[in-house]
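# Examination of the molecular architecture
What follows is the residue order along each chain.
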Number of protein chains: 2
Amino acid sequence: MSLRIVLADDHQMFRHALRALLAREPAFEVVAEAASGEEVLAIAAAQPVDLVCMDIAMPGMNGIEATRRLLAENPGIRVIGLSAFADRQFVLDLLDAGARGYITKAEAGDELLRAIRTVREGRIYLCPDVAATVTGALLDRGSLYAATPRLTERERQVLQLIAEGLTSAQIGDRLHIAASTVDVHRRNLMRKLDLHNIAELTRYAIARGISPATRPADGGAAG
Amino acid sequence: MSLRIVLADDHQMFRHALRALLAREPAFEVVAEAASGEEVLAIAAAQPVDLVCMDIAMPGMNGIEATRRLLAENPGIRVIGLSAFADRQFVLDLLDAGARGYITKAEAGDELLRAIRTVREGRIYLCPDVAATVTGALLDRGSLYAATPRLTERERQVLQLIAEGLTSAQIGDRLHIAASTVDVHRRNLMRKLDLHNIAELTRYAIARGISPATRPADGGAAG
DNA sequence: TTTCGCCTACCGTGAAACCGGTAGGGCAGC
DNA sequence: GCTGCCCTACCGGTTTCACGGTAGGCGAAA
């Protein structure tokens, strides 16, 4: 029987292209596609799934949280993380969430096929550049578990608005809280994430899928 | 004779997947792949090319500048912009550079095939969501040409370092100029791009490929 | 030569960010 | 009850940003 695969990525074109790529392997069958973490959970609840190719940066629930919840309800499903970034923290978080593989989009398409075959057999697969950044962290015990800065819902909201370019006062208006409270959330965010200014917070939010790189209704960035 | 296509995107996996998608159409032949604007120019100089699927955000020379230079040397080549973002300014810039099509990665894979067929016949193709954001701008005359904020090399450098989270003083040290000079560059950047804070500059830099969403040697964003 | 754009550098002001502490209320768990 | 976490809010301080103007040096173009 063929391997029932779900593709999770917020870019439909990438999903379709990946589907074409995976179609080369008769043993693989893409049974569904998801554009967000919520959709992955819904699909897994509705039909049998063997393996999920999970993008990290997705709007709404991101790939890490989605993996955590997916495996809590469906321990048998294999998850392979698929991200544009080889960020060490992402890899650690995703492995901590229970994923069995992690490859970056900078790799060749064959890499994905190889990862799926490896993970299907119960082994763990990390592509070379990811493996290089992680090995050090895996060696020192504890870091894998210590490094999981869970954000609260409020912090996530504040982070998103910071990344959109709003000031503390504007964020306060939007969320109906005082600007001073927004400052506290920003400070806690920076402490939790070990980031030290708005540029880094913005990059983090974008890479994590908490904020898109450009606003959907962006009139234009130039004049 | 089949249509000679070049795929330009900094993600090898996306290129390979797209190649698999385009292989369904016998009339299309992907003759080369490029990971940057420079590579596109080199390929076009070395072999005959009919059409380029050009990603906007690429490290080094981005898709807009690459399109401009490519068409300056090879007026016969058709270019289709392929971006994750439907940012109005990107579309206008790319069309101004001479591209004949623009589709977002949020669209279906079939959309790309349709775009290629349309552009091959000499027509212009914009996917629905892009068309919606652009029509208004195309109606008021002049905006298409007025809206082309070319950045100087120095401004690009400063923008990149701002997006990486450095302060003016740190940027000044890095570039061996005074912090006050960095301030001027930042001010000119914001005026040219109609952006008003560091978060927006950071988003712009990432979307434009001037700065990656995560630092290559990023040890980890959490502690 | 003059003009223009770019890079360089400084002046100033007000707003916002950045960093620390304190503290009350709500709510869940031991 | 006590503890711990979260959200809320304010106090203080220094640094950086955001925005304005002015201005000299330099190289390319008209």
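A few points on the structure. On a predicted model such as this, the values are computed, not experimentally measured, just so you know. (Residues numbered from 1 in each chain as written. Chains lettered and ligands numbered in written order. Predicted model: local features only at pLDDT ≥ 70, side-chain atom pairs only at ≥ 80, totals over all residues. Heavy atoms only, no water.)

### Points about the protein's contact with DNA strand C
- Neighbouring DNA strand C are 17 residues, the closest being Arg 187 of chain A together with Thr 152, Arg 154, Ala 178 and His 185 of chain B.
- Sugar and phosphate atoms form 58% of the subset of DNA strand C atoms that lie within 4 Å of the protein.
- Arg 187 of chain A is positioned such that a nitrogen or oxygen atom in its side chain is 3.0 Å from a base oxygen of DNA strand C.
- Side-chain polar atom of Arg 154 of chain B to a phosphate oxygen of DNA strand C: 2.7 Å apart, as the coordinates give it.
- Broken down by secondary-structure element, the contributors of at least two residues to the surface near DNA strand C are helix H10 (179-193) of chain A together with helix H10 (179-193) of chain B.
- Of all the elements, H10 of chain B adds the most residues to the surface near DNA strand C, at 4 residues.
- Residue composition of the surface near DNA strand C, by class: 6 nonpolar, 8 polar and 3 charged. (Near = heavy atom within 4 Å. Polar contact = N/O pair within 3.5 Å; in protein donor to acceptor, adjacent residues only side chain to side chain. Helix = DSSP H or I, 4+ residues; strand = E, 2+ residues; numbered from the N terminus. Nonpolar A, V, L, I, M, F, W, Y, C, P; charged D, E, K, R; others polar.)

### Regarding the protein's contact with DNA strand D
- Taken together, 16 residues form the shell around DNA strand D, and within it Thr 152, Arg 154 and Ala 178 of chain A together with Ser 168 and Arg 187 of chain B come nearest.
- The share of sugar and phosphate among atoms of DNA strand D within 4 Å of the protein is 56%.
- One of the side-chain N or O atoms of Ser 180 of chain A is found 3.3 Å from a phosphate oxygen in DNA strand D.
- At 3.0 Å, a side-chain N or O of His 185 of chain A approaches a phosphate oxygen of DNA strand D.
- Those elements giving two or more residues to the surface near DNA strand D turn out to be H10 of chain A together with H10 of chain B.
- In terms of residue count, H10 of chain A provides more of the surface near DNA strand D than any other element does, 4 residues in total.
- Classifying every residue of the surface near DNA strand D by side-chain character gives 5 nonpolar, 8 polar and 3 charged.

### A look at the interface of chain A and chain B
- At the interface, 55 residues of chain A touch 54 residues of chain B.
- With both chains or domains summed, chain A and chain B bury close to 4,400 Å², and 58% of this area falls on carbon and sulfur atoms.
- Our count for the contact surface shared by chain A and chain B stands at 0 salt bridges.
- Linking chain A with chain B are 18 residue pairs in polar contact (both at pLDDT 80 or more), by the criterion used here. (Contact = heavy atoms within 4.5 Å. Buried area = accessible area lost by both parts, 1.4 Å probe. Salt bridge = Lys/Arg side-chain N within 4 Å of Asp/Glu carboxyl O.)

### Observations concerning the sheet that holds strand E2 (residues 28-34) of chain A
Residues and elements named next belong to chain A.
- One open sheet accounts for 6 strands, arranged E2-E1-E3-E4-E5-E6; its pairing is parallel. Of all strands in the sheet, those bounded by a partner on one side alone are E2 and strand E6 (125-126).
- By the bridge criterion, 2 bridges tie strand E5 (residues 101-104) to E6 in an arrangement that is parallel. Residue pairing in the sheet places Tyr 102 in a bridge with Leu 126 of E6. (Pairing = 2+ DSSP bridges.)

### Quick word on the relation of the copies chain A and chain B
- Superposition record for chain A on chain B: RMSD 0.2 Å, screw rotation 180°, translation along axis 0.0 Å. Put plainly, the chains are arranged around a two-fold axis. Among all residues of chain A, the minimum C-alpha distance to the rotation axis is found for Ala 17 of chain A, at 2.4 Å.
- When you check the interface residues of chain A against chain B, 98% turn up at the interface there too, and the contact is symmetric in its surfaces. (Least-squares fit on C-alpha atoms with pLDDT ≥ 70 in both.)

### Structural notes on the side chain of Glu 33 of chain B
Residue and element names in this part refer to chain B.
- With respect to the helices and strands, Glu 33 occurs in strand E2 (residues 28-34).
- Assessed through its relative accessible area of 19%, Glu 33 is described here as buried.
- Within the structure, Glu 33 has its side chain in polar contact with the side chain of Arg 15 (distance 2.8 Å). (Buried < 20%, exposed > 50% of the residue type's maximum accessible area, 1.4 Å probe, protein only.)

### Here we look at unusual backbone geometry
- For His 176 of chain A, which is not glycine, the phi torsion reads 60° and is therefore positive.
- Its location among the elements puts His 176 of chain A in the loop between helix H9 (168-175) and H10.
- A residue is classified by how much of its surface remains accessible, and His 176 of chain A, at 72% relative accessible area, is exposed.
- The backbone of Asp 194 of chain B shows a phi angle near 60°, a positive value even though the residue is not glycine.
- Within the fold, Asp 194 of chain B resides in the loop between H10 and helix H11 (198-207).
- Judged by its relative accessible area of 39%, Asp 194 of chain B falls in the partly exposed class.

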